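Okay, here's what each chain looks like letter by letter:
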Amino acid sequence: MLRFRSLGSGSTGNATLVEACGLRPFRLLIDCGLGIRQLGMRLAAAGLQPADINAIFITHEHGDHIGCARALALRHRIPVWMSQGTHAATGAPDYDGLLRMARDAQAIDLGGLQLTPFAVAHDVKEPLQLSCTDGAAKLGILTDLGHATPQVMAHLQACHALLLEANHDTDLLAQSSYPAFLKQRVGGDHGHLSNRAAAAIAGALTHSGLRHLVAAHLSQRNNRPALAQQALSEALGCNASDIVVADAVSGTPWLEL
Ligand SMILES: [Zn+2]
Ligand SMILES: [Zn+2]
């Protein structure tokens, strides 16, 4: 069985736990965009401690994703996967032998869990998003991108759960007090997905085996949970309440596959 849980999502910090449940559970932390104390508190709420994490995957160098990754890895001797570009963009710090390089479309076998990273269009050096599988269930993670390419869509076929960015409502973003350059950055081709763009992706990826759709990375200023739920549920033909929204602070409960 595979289960996952957001520990918080949005511009204030992103972290997602994925657990392949077996005789010896394997736990992956995808992004680590919190302070180390805050991360510890949120792990405790999930019934875990930092030392329970077996591997860390960092999608890109923005602070809301990389956060305390290095401190956590060094303190608990946890291997960390990221792209060469992400490592370089943070000044290529030393990870004391714990750094592993992730590459576009190159599968990573972690034993109980297999990851497939894939490149996305985002305004950083070498961003990767990923899918994870235990061989039976597949989870797709897709946040921090301006638009989905055919390659991204191909990687996310047949997922049983999707954690999908629904960053902003285009009208709220247009009306917001953000300066023009920031509106362009967020809404642009290398920024973040609008509810409408997320709905188009969800609609194209939906299939009878899709069990959970989580709306993630919502802007606190330019979106509302109900707007994201409405857009995504219309695309899937389900009830708005079937769409789980990852909260900035409380994330989501454990979701099982
Ligand atoms: Zn982000
Ligand atoms: Zn980002």
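All of the points below concern the structure found in this document.

As for the sheet that holds strand E13 (residues 244-245)
Argument step 1. Strand order in this open sheet of 7 strands is E7-E8-E9-E10-E11-E12-E13, and the pairing throughout is mixed. The open sheet has two free edges, formed respectively by strand E7 (108-109) and E13, since each of these has just one partner strand.
Argument step 2. As defined by bridge partners, E7 adjoins strand E8 (residues 114-119) across 2 bridges and the pair is classed as antiparallel. Across the sheet, the residue bridging to Asp109 is Gln114, located in E8.
Argument step 3. Sheet strands in contact with helix H8 (residues 195-205) are strand E10 (138-142), strand E11 (161-165) and strand E12 (212-216), and its direction is about 160° off that of E11.

As for the coordination of the zinc ion (ligand 2)
Argument step 1. Bound to the zinc ion (ligand 2) are the protein donor atoms His60 (NE2), His62 (ND1), His122 (NE2) and Asp144 (OD), situated 2.2 to 2.4 Å from the metal.
Argument step 2. For the zinc ion (ligand 2), the 4 donor atoms in the first shell make angles of 93 to 163° at the metal, so the coordination geometry reads as irregular.
Argument step 3. Along the chain, the residues donating to the zinc ion (ligand 2) are arranged with the sequence spacing H-x1-H-x59-H-x21-D.
Argument step 4. In this structure, the zinc ion (ligand 2) lies 3.5 Å from the zinc ion (ligand 1), and both are coordinated by Asp144. Here His60, found in the loop between strand E4 (55-57) and helix H2 (63-66), pairs with His122, found in the loop between E8 and strand E9 (128-133); they are 62 residues apart in sequence, far enough to count as distant. Residue His60 shares its accessibility class with His122, and that shared class is buried.

What counts and how
Residues numbered from 1 in each chain as written. Chains lettered and ligands numbered in written order. Predicted model: local features only at pLDDT ≥ 70, side-chain atom pairs only at ≥ 80, totals over all residues. Heavy atoms only, no water. Pairing = 2+ DSSP bridges. Helix = DSSP H or I, 4+ residues; strand = E, 2+ residues; numbered from the N terminus. Contact = heavy atoms within 4.5 Å. Axes fitted to C-alpha atoms, helices over the stretch in contact; angles between N-to-C directions. Donors = N, O, S within 2.8 Å, 3.2 Å for Na, K, Ca; no water. Tetrahedral: all angles 85-135°; square planar, octahedral: opposite > 155°, others 65-115°. Buried < 20%, exposed > 50% of the residue type's maximum accessible area, 1.4 Å probe, protein only.

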